[in-house]
Amino acid sequence: MAIKRKIKALRTICLRLPAFARSPSWVEGQLDRVLELAEDRHVIVHGFFHGVSEDDPPKIMFRLARYQSGGTEGRTLNATKGDLLEFLSDLLTADHNFMLIMMMVNQEVRKARRTASTLAPRSS
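Residues numbered from 1 in each chain as written. Predicted model: local features only at pLDDT ≥ 70, side-chain atom pairs only at ≥ 80, totals over all residues. Heavy atoms only, no water.

Draft legend 1. Focus on the overall build of the protein. The helix and strand inventory of the protein stands at 4 helices and 3 strands. Secondary structure of the protein in N-to-C order comes out as α-α-β-β-α-β-α. If you take every contact in the protein between residues at least 6 apart in sequence, the share linking residues at least 24 apart comes to 47%. Roughly 9,200 Å² of accessible area belongs to the protein as shown, and the carbon and sulfur atoms make up 55% of that amount. (Helix = DSSP H or I, 4+ residues; strand = E, 2+ residues; numbered from the N terminus. Contact = heavy atoms within 4.5 Å. Areas by Shrake-Rupley, 256 points an atom, 1.4 Å probe, with all protein chains shown as cover.)

Listed below in structure tokens is the structure:
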């Protein structure tokens with residue numbers, strides 16, 4: 001499933017769970033951050049190495065073909081080694097927070113199921 005669909009589904013679920021009512025802006029911010037980082041990640045993972053600039057410091061160039069990026073010219077990403085290290089750190093943090101949100105959703109759904117099953121009338 002594409003990340004945009006996962007995020008959309010997760011947003012919908014989070015809006016319905018009481019545990020997220022206390023901090024909806026944090027959840028929204030974390031999900032927005034995942035989407036922001038996903039675009040550059042996509043270029044790096046599914047694109048190709050396009051060269052190294054002569055800048056100081058040099059920039060590593062990545063390119064995503066137009067058929068993969070939906071544009072007529074494709075997408076490019078130029079980043080220094082420091083930029084890539086910062087991106088990796090941001091990506092790891094976003095991934096961690098995304099997993100936390102998913103675990104919280106699972107806990108809330110399980111709790112709701114347990115509550116519903118204890119309230120359900122038992123047939124004799």
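Draft legend 2. Representation of the sheet that holds strand 2 (residues 60-64) in the model. Spatial strand order, 1-2-3: 3 strands in an open sheet with antiparallel pairing. Looking at the sheet topology across the chains shown, the edges are occupied by strand 1 (48-52) and strand 3 (75-79). Neighbour-to-neighbour, the strand axes of the sheet open up by a mean angle of 25 degrees, direction not taken into account. Here strand 2 pairs with strand 3 via 5 bridges, running antiparallel. Note on strand 3: the bridge partner recorded for L64 is R75. Packed onto the sheet, helix 2 (residues 24-46) meets strand 1, strand 2 and strand 3 and runs at close to 95 degrees relative to strand 3. (Pairing = 2+ DSSP bridges. Axes fitted to C-alpha atoms, helices over the stretch in contact; angles between N-to-C directions.)

Draft legend 3. Spatial organisation of the packing of helix 1 (residues 3-16) against helix 2. Axis separation between helix 1 and helix 2 bottoms out at 10 Å; the angle between their running directions is 175 degrees. Relative to helix 2, the element helix 1 is oriented roughly antiparallel. When helix 1 is examined against helix 2, the residues I3, K4, I7, L10, R11 and C14 are found in contact with a partner set consisting of V27, E28, L31, D32, V34, L35 and A38. The residue inventory of the contact of helix 1 with helix 2, partitioned by class, reads 9 nonpolar, no polar and 4 charged. (Parallel < 35°, antiparallel > 145°, perpendicular 65-115°, else oblique. Nonpolar A, V, L, I, M, F, W, Y, C, P; charged D, E, K, R; others polar.)

Draft legend 4. Expanded view of the side chain of E108. Residue placement: E108 occurs in helix 4 (residues 81-119). Polar contacts involving the side chain of E108 include one to the side chain of K111, which spans 3.1 Å. The contacts of E108, once residues within four sequence positions are left out, are L17 and A19. (Polar contact = N/O pair within 3.5 Å; in protein donor to acceptor, adjacent residues only side chain to side chain.)

Draft legend 5. Spatial organisation of the pattern of salt bridges. Counting across every chain of the model gives 6 salt bridges. Ionic pairing is found between R11 and E28, a salt bridge with its closest N-O pair at 2.3 Å. Pair noted here: R11 is in helix 1 and E28 is in helix 2, with a separation of 17 residues, a long-range link. One salt bridge connects D90 with R33, and the closest N-O pair in it is separated by 2.9 Å. Remark: R33 occurs in helix 2 and D90 occurs in helix 4; sequence separation between them is 57 residues. Using a relative accessible area of 25% as the deciding quantity, one classes D90 as partly exposed. Within this structure, R11, E28 and D32 form a network of salt bridges that share partners. (Salt bridge = Lys/Arg side-chain N within 4 Å of Asp/Glu carboxyl O. Buried < 20%, exposed > 50% of the residue type's maximum accessible area, 1.4 Å probe, protein only.)

So, to be careful, I would describe these as geometric facts and stop short of saying anything about function.
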